[in-house]
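# Tertiary structure, described
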Amino acid sequence: MTDAPQSTPGLVLGTGERGRTAWSNWSGAVRGIADRLLAPRTADQLRDVVLDATARARGISVVGSGHSYANLVAPTGRTLVDLRHHRGIVAVDPAAMTVTVKAGTTMRELNQELAAAGLALPNQSAIDEQTVAGAVATATHGSSPRHGTLSSHVVSARILTADGQVRTITQDDPELDGVRVHLGCLGVVLDLTFAVVPGHRLRKVVLRRPLTEVLAGLDRFREVHFGGFWWYPHTSQAIVWEAAPTDEPPTPSPGPPGALLSLLCNNSWPPLVAGTAHYAAALAAGRGRAQVMRCDDALLHHLPPPVQGTEYSVPFDRAADAIRALVGEVRRGGPRVCAPVDVRFTAADTAWLSPSRQAITCHIGVTHPVSERDPERWIAPLRAVESVLWEFEGRPHWAKVHSRTGQELAARYPDWSRFQELRKAWDPDGVFLGGHLRELFEH
Ligand SMILES: Cc1cc2nc3c(=O)[nH]c(=O)nc-3n(C[C@H](O)[C@H](O)[C@H](O)COP(=O)(O)OP(=O)(O)OC[C@H]3O[C@@H](n4cnc5c(N)ncnc54)[C@H](O)[C@@H]3O)c2cc1C
């Protein structure tokens, strides 16, 4: 058993000295030397890898596209499993309006396949680089008070647990609300079935507005189909976007903002310089021209340069005050915020570990350039942001940087202990618990 995974042709994806291999996330801020990085080709190979890790009580993590800022994968000293050979659509059911897709499929691949079939996911996050299982793991959300997170659209899941069993969890099983936001610590998700909607186009409008006006009228975001805004730090300006279904024909693609976005997200300028640049960018961004696009494309934002970020979800009713408090702190010279602050909304859902559980939430996200030489340069401002948003009943995004303990989070999640029971039942030795998750769940 011990040597089987390494000796299987095509299985070992990356090995360095003495069989170990370096892994880092998208931003480069999470890195480590894994014991081995494997890419099983078949379900049997995957099962052997899991059973081997369980038998030896060795840590194992599945890697998605590595787009989490938090150290969920925890590479150091663990077996990493890459599901690049487990991609593609398993089945589309037009009568049930569902699609079943293999776990390693990227959101982009899924969206393209759905569009070709005249279908779409009800909601979409800001990027489509993630794998479907990775996105669902962390309650990835879009921006709509009418639609929940991607996890909330899951109607069934197949998961390979530490004992080598494949469990199928459907809407009839109470565990589905546990599996929806699985954090990678329940086992290897093999495939997921999502509810889908008919494909459609969205008409998107982007406008510049004074931040005070946007916050005074925040309630209108309860009614939009899709929408959100960015506050441009060191200015009084917000860029507001809204999108709604339309039958209008598509407009030409606006093209990526490229260099400008990189500059805005990666700046560490003094407030006056940043404010001037951000004001100019807000003028340019908020010209108000409407664009009509395929629904998934309309909801994508442009991939920023590598940054680290934190994000808190606060109940909608507390959102305006939370944002005012954050803006006040930044203006007082507290957290040094360089990039536009992202504000979005999500409908309430039922997943045990969803930050949007049982309440429409407002997500407030802040990013900061990564500094390899001096991590404190990005950690300190993100911590300062956290301490403001925590006071407004905030729940941190699982995939983003946060400093909350398991005890603190347990108090904000009424079903924390149910998730713990499920996790312990399916993975009694905690082989799927990487460092960060171990800190959270073994408090
Ligand atoms: C530029 C950028 C934009 C983003 N935009 C948004 C956004 O709009 N909304 C939002 O909510 N989030 C957003 N995120 C966060 C992102 O959606 C999450 O980090 C997501 O979890 C990344 O998916 P991944 O495939 O990269 O997974 P990874 O980061 O590689 O892994 C995430 C977790 O999933 C686990 N995992 C992955 N595959 C499996 C599997 N098959 N079985 C079991 N466990 C598995 C991993 O072990 C890990 O615990 C963004 C991130 C970036 C970098």
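About the criteria used
Sequence order as written defines residue numbering, which begins from 1 separately in each chain. Where totals are concerned, whole chains, interfaces and linings use all residues; where local detail is concerned, this predicted model gives features only for residues with pLDDT of at least 70, and gives and counts side-chain atom pairs only at 80 or more. Values shown for side chains rest on all heavy atoms present in the structure; no hydrogens or waters enter the calculation. Domain borders in the structure are assigned automatically or taken from a domain database. Here, two residues are considered to be in contact whenever any of their heavy atoms come within 4.5 Å of each other. By buried area we mean how much accessible surface two parts lose on assembly, using a 1.4 Å probe and totalling the loss over both. The working definition used for a salt bridge is a side-chain nitrogen of Lys or Arg within 4 Å of a carboxyl oxygen of Asp or Glu. Only DSSP runs of H or I covering at least 4 residues are called helices, and only runs of E covering at least 2 are called strands; the numbering of each starts at the N terminus. When residues are sorted by character, Ala, Val, Leu, Ile, Met, Phe, Trp, Tyr, Cys and Pro go into the nonpolar class, Asp, Glu, Lys and Arg into the charged class, and all the rest, Gly among them, into the polar class. Burial classes: relative accessible area under 20% of the type maximum marks a residue as buried, over 50% as exposed, and values in between as partly exposed (1.4 Å probe, protein chains only). At least two bridges found by DSSP between two strands are what make those strands a pair. Interaxial angle, 0 to 180 degrees, is taken between N-to-C directions of lines fitted to C-alpha atoms, where a helix line uses only the stretch in contact. The rule is short: rings of Phe, Tyr and Trp, with Trp giving its six-membered ring, pair when the centres are within 6.5 Å, and they are stacked under 30 degrees, edge-to-face over 60, tilted in between. A ring is considered to have a charge above it if a Lys NZ or an Arg CZ atom is located within 6 Å of its centre and within 35 degrees of its normal. In these notes, a set of buried Ala, Val, Leu, Ile, Met, Phe, Trp, Tyr and Cys residues joined through side-chain atoms within 4.5 Å is what counts as a nonpolar core.

## Section: the domain arrangement of the chain
Domain annotation for the chain reports domain 1 (89-198) and domain 2 (201-396). Here the C-alpha centre of domain 2 lies 25 Å away from the C-alpha centre of domain 1. Contacts between domain 1 and domain 2 engage 30 residues on the former and 31 residues on the latter. For the pair domain 1 and domain 2, the two sides together bury roughly 2,400 Å², of which 60% comes from carbon and sulfur. Sorting the residues of domain 1 by area buried against domain 2 places His141, Ser143 and Pro145 first, and these three jointly supply 26% of that buried surface. Here domain 1 is connected to domain 2 by zero salt bridges. Those elements that provide at least two residues to the side of domain 1 that touches domain 2 are helix H3 (107-116) and helix H5 (176-179). Partitioned by chemical class, the residues of the side of domain 1 that touches domain 2 number ten nonpolar, 14 polar and six charged.

## Quick look at unusual backbone geometry
The backbone of Ala74 shows a phi angle near 45 degrees, a positive value even though the residue is not glycine. Mapped onto the secondary structure, Ala74 falls in the loop between strand S5 (60-63) and strand S6 (79-82). On the accessibility criterion, Ala74 (7% relative accessible area) is buried. Positive phi outside glycine occurs at Leu183, with the angle close to 55 degrees.

## A few points about the sheet that holds strand S10 (residues 154-160)
One open sheet accounts for five strands, arranged S7-S8-S12-S10-S11; its pairing is antiparallel. The open sheet has two free edges, formed respectively by strand S7 (89-93) and strand S11 (166-170), since each of these has just one partner strand. Sheet twist, expressed as the average angle between the axes of neighbouring strands with direction ignored, equals 10 degrees. The pairing of S10 with S11 spans five bridges and is antiparallel. Within the sheet, the bridge partner assigned to Ile159 lies in S11 and is Arg167.

## Focus on the packing of aromatic side chains
Counted according to the given criterion, the structure contains nine aromatic pairs. The structure contains a cluster of three or more aromatic residues connected by ring pairs, namely Trp398, Tyr413, Trp416, Phe419 and Phe441. Sitting above the plane of the Trp241 ring, Lys204 keeps its charged end 5.3 Å from the centroid. One cation-aromatic arrangement involves Arg412 over Trp390; the distance from NZ or CZ to the ring centre is 3.5 Å.

## Here we look at the nonpolar core
Grouped together as the largest cluster of nonpolar side chains are 98 residues, with contacts concentrated most on Phe194, Phe229 and Phe441. Looking at this core element by element, the count peaks at eight residues for helix H10 (residues 316-331). Every residue in contact with Phe194, bar those within four places of it in the chain, is listed here: Met97, Thr98, Val99, Val101, Leu110, Leu121, Val132, Val136, Leu150, His153, Val154 and Val155.

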